[in-house]
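Now for the letters of each chain:
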Amino acid sequence: NGKGDYTINFTTPMSNANYAVALAQNGTVSSRTLFMVHSQDLDFPTLKTTSALRVLACVSDNNIQLDLSDASVVIYQ
């Protein structure tokens, strides 16, 4: 979607959008690098549907988006 803005599309849709998400990154750009599910607080629409999940990587001090070199996402339903 753009720098640090990822949409993960599911090949097989989830039965509902009430799934848990675990995010991890290897290494940091700064000590305040965040990797999170998009939220309304960051002026982005939340996208957690049965067919996709939208996540964001940014530096928390100033909300500048950045691409991660190594990121992992685990989803539990």
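Residues numbered from 1 in each chain as written. Predicted model: local features only at pLDDT ≥ 70, side-chain atom pairs only at ≥ 80, totals over all residues. Heavy atoms only, no water.

(A) Fine view of the environment of Thr 50. Note that Thr 50 resides in the loop between strand E3 (33-37) and strand E4 (52-59). Each C-alpha atom, one on Thr 50 and one on Asn 18, is 8.5 Å from the other, the two residues being 32 residues apart in sequence. Those residues in contact with Thr 50 that lie beyond four places of it in its chain are Phe 10, Pro 13, Met 14, Ser 15, Asn 16 and Ala 17. (Helix = DSSP H or I, 4+ residues; strand = E, 2+ residues; numbered from the N terminus. Contact = heavy atoms within 4.5 Å.)

(B) Structural detail: the packing of aromatic side chains. Scanning the model with the defined rule gives one aromatic pair in all. Taking 5.7 Å as the distance between ring centres and 85° as the angle between the ring planes, the aromatic pair formed by Phe 10 and Tyr 19 counts as edge-to-face. For Phe 10, a relative accessible area of 15% translates into the label buried. Sitting above the plane of the Tyr 19 ring, Lys 48 keeps its charged end 5.0 Å from the centroid. (Phe/Tyr/Trp six-rings, centres within 6.5 Å; stacked < 30°, edge-to-face > 60°. Buried < 20%, exposed > 50% of the residue type's maximum accessible area, 1.4 Å probe, protein only. Lys NZ or Arg CZ within 6 Å of the ring centre and 35° of its normal.)

(C) The nonpolar core, seen in detail. In terms of nonpolar packing, the biggest core is built from eight residues, these being Phe 10, Tyr 19, Phe 35, Leu 53, Val 55, Ala 57, Leu 66 and Leu 68. When residues in this core are grouped by element, the largest group, three residues, is from E4. (Core = buried A, V, L, I, M, F, W, Y, C linked by side-chain atoms within 4.5 Å.)

(D) Structural detail: the pattern of salt bridges. With the rule as written, the count across this model stands at one salt bridge. Residue Asp 5 is joined to Arg 54 by a salt bridge in which the shortest nitrogen-to-oxygen separation is 2.7 Å. With Asp 5 in strand E1 (residues 5-9) and Arg 54 in strand E4, this residue pair connects regions lying 49 residues apart in the sequence. The buried category is assigned to Asp 5, whose relative accessible area is 5%. (Salt bridge = Lys/Arg side-chain N within 4 Å of Asp/Glu carboxyl O.)

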